[in-house]
Amino acid sequence: MADTLIFAIPKGRILDDALPVLARVGIEPAPEFHDPKNRSLRFRTNRADMDIIRVRAFDVATFVAHGAAQIGIVGSDVIDEFDYSDLYAPVDLNFGHCRLSVAEPVDEAGGHQPRPSHIRVATKYPNITRRHFERQGVQAECVKLNGAMELAPSLGLARQIVDLVESGRTLKDNGLVETEVITQVSARLIINRAALKKDHARLGPLMSAFRDLAAEQRQAA
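First, a word on scope: everything that follows refers to the structure included in this document. Residue numbers here run from 1 along each chain, matching the order of that chain's written sequence. Residue-level local features of this predicted model are given only where pLDDT is at least 70; pairs of side-chain atoms are given and counted only at 80 or more, and the full residue set underlies all totals for whole chains, interfaces and linings. Side-chain figures throughout are based on the complete set of non-hydrogen atoms in the structure, without hydrogens or water.

A short note on the environment of valine 181
1) Next: Going along the chain from the N terminus, every DSSP run of H or I of four or more residues is numbered as a helix, and every run of E of two or more is numbered as a strand. Mapped onto the elements, valine 181 comes out in strand 10 (residues 176-185).
2) Next: Note: C-alpha distance between valine 181 and proline 153 (28 residues apart in sequence) is 18 Å.
3) Next: We call two residues contacting when some pair of their heavy atoms lies within 4.5 Å. With residues up to four places along the chain from it excluded, the contact list for valine 181 reads Arg99, Leu100 and Ser101.

Spelled out as structure tokens, the structure:
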């Protein structure tokens, strides 16, 4: 149906926390969504007017920004990386907490050498990384990786990395140490701005339901 709302949610670390939140605002995916053998990306929900798509986190922002999906959940790291003008992020959902940080080998950290004017950094977040180092007067050459960032220093690809950090265990296990926190990260509700204007009758109440739930969770914490 042409007026079906598409709700984009990310695979990976946010998904497990997002599903109970969706349920509390009245959205539940069809049973096949939970079947690990099912390779579909689009699923019906208990709402006749809504489908869910399950895609990579970076793609959630792209689908919503371009109006292919009208609403979604994604980490604030993705929002900051793309900085799409058509994305509206009205609600901090208060889960998926971690941080985006700079890390480097333990044996090279903590020195008092002057910071170079040019560095090479391995990261999934080239835009955030460049902006961060530009504020410090440093030109960052970003090597784009989609995973295994922790290998870059030991293999000579880049001396520093920028990546998401939760406990720091993965860094430690790979001989790295966190040296700077760029930004704190949490899951956000995102809505396409044009869709919100066009279909406020449906998207407005959804936005309010997520906002009320997030406020309840903050009060309970």
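A short note on the sheet that holds strand 6 (residues 98-105)
The pairing of strands in a sheet comes from backbone hydrogen bonds and takes either a parallel or an antiparallel form.
1) Next: Overall, mixed pairing links the five strands, which are arranged 8-7-9-6-10 in an open sheet. Where the open sheet ends on each side, the last strands, each with one partner, are strand 8 (139-144) and strand 10. Across this sheet, the average inter-strand angle for adjacent strands is 30°, counted without regard to direction.
2) Next: Strands qualify as paired when DSSP identifies two bridges or more between them. With six bridges connecting them, strand 7 (residues 118-123) and strand 8 associate as parallel partners. Within strand 8, the position partnered with valine 121 by the bridge is cysteine 142.
3) Next: Convention adopted: a line fitted to C-alpha atoms gives each axis, helices being fitted over their contacting stretch, and angles between N-to-C directions are expressed from 0 to 180 degrees. Across the sheet, helix 4 (residues 126-134) is in contact with strand 6, strand 7, strand 8, strand 9 (160-165) and strand 10; its angle to strand 8 comes to roughly 165°.

Some remarks on the nonpolar core
1) Next: Side-chain atoms within 4.5 Å are what join buried Ala, Val, Leu, Ile, Met, Phe, Trp, Tyr and Cys residues into a set we call a nonpolar core. Note on exposure labels: buried denotes an accessible area under 20% of the residue type's maximum, exposed denotes more than 50%, and partly exposed covers the range between, all computed with a 1.4 Å probe on protein chains only. Core analysis: the biggest nonpolar cluster contains 31 residues, and Phe7, Leu22, Ile73, Leu189 and Phe210 have the highest contact counts within it.
2) Next: At the level of elements, strand 1 (5-10), helix 1 (15-24), strand 3 (50-55), strand 4 (71-75), strand 11 (187-192), helix 6 (193-198) and helix 7 (200-220) are the ones that each hand at least two residues to this core.
3) Next: For this core, the element with the most residues is helix 7, which contributes six residues.

Observations regarding helix 2 (residues 57-65)
1) Next: Within the sequence span of helix 2, burial applies to Phe58, Val60, Ala61, Val64 and Ala65. Looking down the long axis of helix 2, one finds its buried residues gathered within 155° of arc, a one-sided arrangement.
2) Next: Structurally, helix 2 contributes buried residues whose contacts are with strand 1, strand 3, strand 4, helix 3 (76-82), strand 5 (87-92) and strand 11. Taking the helix axis as origin, the arc is that swept by the directions to the C-beta atoms.

Describing the side chain of aspartate 49
1) Next: The residue aspartate 49 is located in the loop between strand 2 (42-44) and strand 3 in this model.
2) Next: As used in this structure description, the phrase polar contact means that two N or O atoms lie within 3.5 Å; if the pair is within protein, one of them must be able to donate a hydrogen and the other to accept it, and residues adjacent in sequence are counted only when both atoms belong to side chains. Looking at aspartate 49, its side chain comes within polar contact range of the side chain of arginine 202, at 3.2 Å.
3) Next: Look past the residues within four positions of aspartate 49 in its chain and what remains in contact with it is Asp3, Thr4, Leu5 and Arg202.

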